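Chain by chain, the residues:
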Amino acid sequence: MRVFITGGTGLIGSAVVAELLAAGHAVTALARSEASAAGGQAAGADVLRGGLTDLDVLRTGAEQADGVIHLAFSNDFSSPEALAQGIAEEAAALATLGDALVGTNRPLVTASGTPHAPGRASTEEDPLPTVGPVAGRGQSVTRVLELASRGVRSSAVRLPRTVHNQGRGGFAGLLTDIARRTGISGYPGDGAQRWPAVHALDAAVLFRLALEQAPAGSSWHAVADEGDAVRDIAAVIGRRLDLPVKSVPTESFGPLGPIFATDQPASGAHTRAALGWEPTHPGLLDDLENIEA
């Protein structure tokens, strides 16, 4: 299968590209910069130059592919305005990719986040949020899944709060960056809130399985660790960076503060049973031991 992928040179995307190539698929990766293009080519992918806002380029990539995986996002969480802009750009990109595949029955796999289910671990059946700072992403993914009625084999791989590799990535990676910058390995509230996690190499396998097997309109949970307490995550970060570990105001985490403060474990039991997905790489707390001071 010829697969067009956005975000193919990031922490998750590079793992997905390697997984696809190892499984015998051909890959065309969207590349915004010379560095990204060089990285994609070095990994063995063909490259299509352009960014997430280059809608004509996205349309061409999708039309020339047998399937599409969307992973790109601005990842600018510096302000509510920057986050909103990133969400709007992604919405337009997904609409373009979806329109290009209408009536083809080709797969379109997009990334999402695991939802919050009060008092329990969320499952694949739970809806994505329709309120809050990232509600727009949920709305975009919902529209992608609705393309199942228009001849697109659309699916969503819901990623947990931390997708990690060698101690980098996800919300835990943001906590590490904040700790380096502030000199405190902080967590909001009492730190008992739980974040799910998955190793990037395990997530990559699930993206491939969804591309190959997922029924139209389906959602899947790339969850290996159902939920680690944030204070435990901060404790490993503090020890690795030799910094104090303590509670800090939720507001200090910017627009993501309310999300950081929420207990949001997630289950991937249905995904494992239905797609035969089985994570094999280190869990988050073990992987954070790779952080270097």
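As the structure is a prediction and not an experimental result, all values here were calculated from the model.

(A) Here's a closer look at helix 5 (residues 135-146). For helix 5, which comprises 12 residues, the first-to-last C-alpha distance of 17 Å matches the rise-based estimate of 16 Å (1.5 Å per residue) to within 8%. Those residues of helix 5 not exposed but buried are Ala-135, Gly-138, Ser-140, Val-141, Val-144 and Leu-145. Of the surrounding elements, those touching the buried residues of helix 5 are helix 4 (80-101), strand 5 (107-113), strand 6 (153-159) and strand 10 (218-221).

(B) Inspection of the environment of Arg-32 at higher detail. For Arg-32, the location among the structural elements is in the loop between strand 2 (26-31) and helix 2 (34-43). Accessibility expressed as a relative area gives 71% for Arg-32, which makes it exposed. Between the alpha carbons of Arg-32 and Leu-48 there is a distance of 8.6 Å; along the sequence they are 16 residues apart. Leaving out residues up to four positions away in the same chain, Arg-32 has contacts with Arg-49, Gly-50 and Gly-51.

(C) Summary view of the pattern of salt bridges. Throughout the structure, instances matching the rule amount to 11 salt bridges. Arg-137 is the salt-bridge partner of Glu-90, the closest N and O atoms lying 2.9 Å from each other. You can see Glu-90 sitting in helix 4 and its partner Arg-137 sitting in helix 5, a full 47 residues away along the chain. Among the residues examined, Glu-90 registers a relative accessible area of 2% and is labelled buried. We note a salt bridge from Arg-239 to Glu-289, for which the minimum N-O separation is 2.6 Å. In this pair, Arg-239 sits in helix 8 (residues 230-241) while Glu-289 sits in the segment after helix 11 (284-287), placing the two residues 50 residues apart along the sequence. Overall, Glu-289 belongs to the partly exposed group, its relative accessible area being 29%.

(D) Seen up close, the UniProt feature "domain: NAD-dependent epimerase/dehydratase" (unreviewed entry) in the chain. If you check UniProt for "domain: NAD-dependent epimerase/dehydratase" (unreviewed entry), the listed places come out as residues 3-216 in our numbering. As annotated, residues 3-216 has a helix share of 43% and a strand share of 21%, and its two end C-alpha atoms lie 17 Å apart.

(E) Layout of the packing of helix 3 (residues 55-63) against helix 4. At their nearest, the axes of helix 3 and helix 4 sit 9 Å apart, and the two run at 35 degrees to each other. Both helix 3 and helix 4 take part in a crossing whose hand is right-handed. Across the interface between the two elements, Leu-55, Leu-58, Arg-59, Ala-62 and Glu-63 of helix 3 pack against Ala-92, Ala-93, Thr-96, Leu-97, Ala-100 and Leu-101 of helix 4. Grouping the constituent residues of the contact of helix 3 with helix 4 by class yields eight nonpolar, one polar and two charged.

(F) Structural context of the pairing of strand 1 (residues 2-6). Among the five residues that make up strand 1, four are buried, leaving the element largely enclosed by the rest of the structure. Here strand 1 pairs with strand 2 via four bridges, running parallel. Directly across from Val-3, in strand 2, lies its bridge partner Val-27. One ladder, built from four bridges, connects strand 1 with strand 4 (residues 67-70); its direction is parallel. Along strand 4, the bridge assignment pairs Thr-6 with His-70.

(G) Representation of the sheet that holds strand 5 in the model. The parallel open sheet is built from seven strands, whose spatial order is 3-2-1-4-5-6-10. Lying at the two open borders of the sheet, with one neighbouring strand each, are strand 3 (46-49) and strand 10. In this sheet, neighbouring strand axes are inclined to one another by 20 degrees on average, regardless of whether the strands run parallel or antiparallel. Sheet strands in contact with helix 3 are strand 1, strand 2, strand 3 and strand 4, and its direction is about 155 degrees off that of strand 1.

Conventions adopted
- Residues numbered from 1 in each chain as written.
- Predicted model: local features only at pLDDT ≥ 70, side-chain atom pairs only at ≥ 80, totals over all residues.
- Heavy atoms only, no water.
- Helix = DSSP H or I, 4+ residues; strand = E, 2+ residues; numbered from the N terminus.
- Expected span 1.5 Å × (residues − 1).
- Buried < 20%, exposed > 50% of the residue type's maximum accessible area, 1.4 Å probe, protein only.
- Contact = heavy atoms within 4.5 Å.
- Salt bridge = Lys/Arg side-chain N within 4 Å of Asp/Glu carboxyl O.
- UniProt positions renumbered as here; feature names shortened; annotations may be inferred.
- Axes fitted to C-alpha atoms, helices over the stretch in contact; angles between N-to-C directions.
- Left-handed = near helix turned anticlockwise from the far one by under 90°.
- Nonpolar A, V, L, I, M, F, W, Y, C, P; charged D, E, K, R; others polar.
- Pairing = 2+ DSSP bridges.

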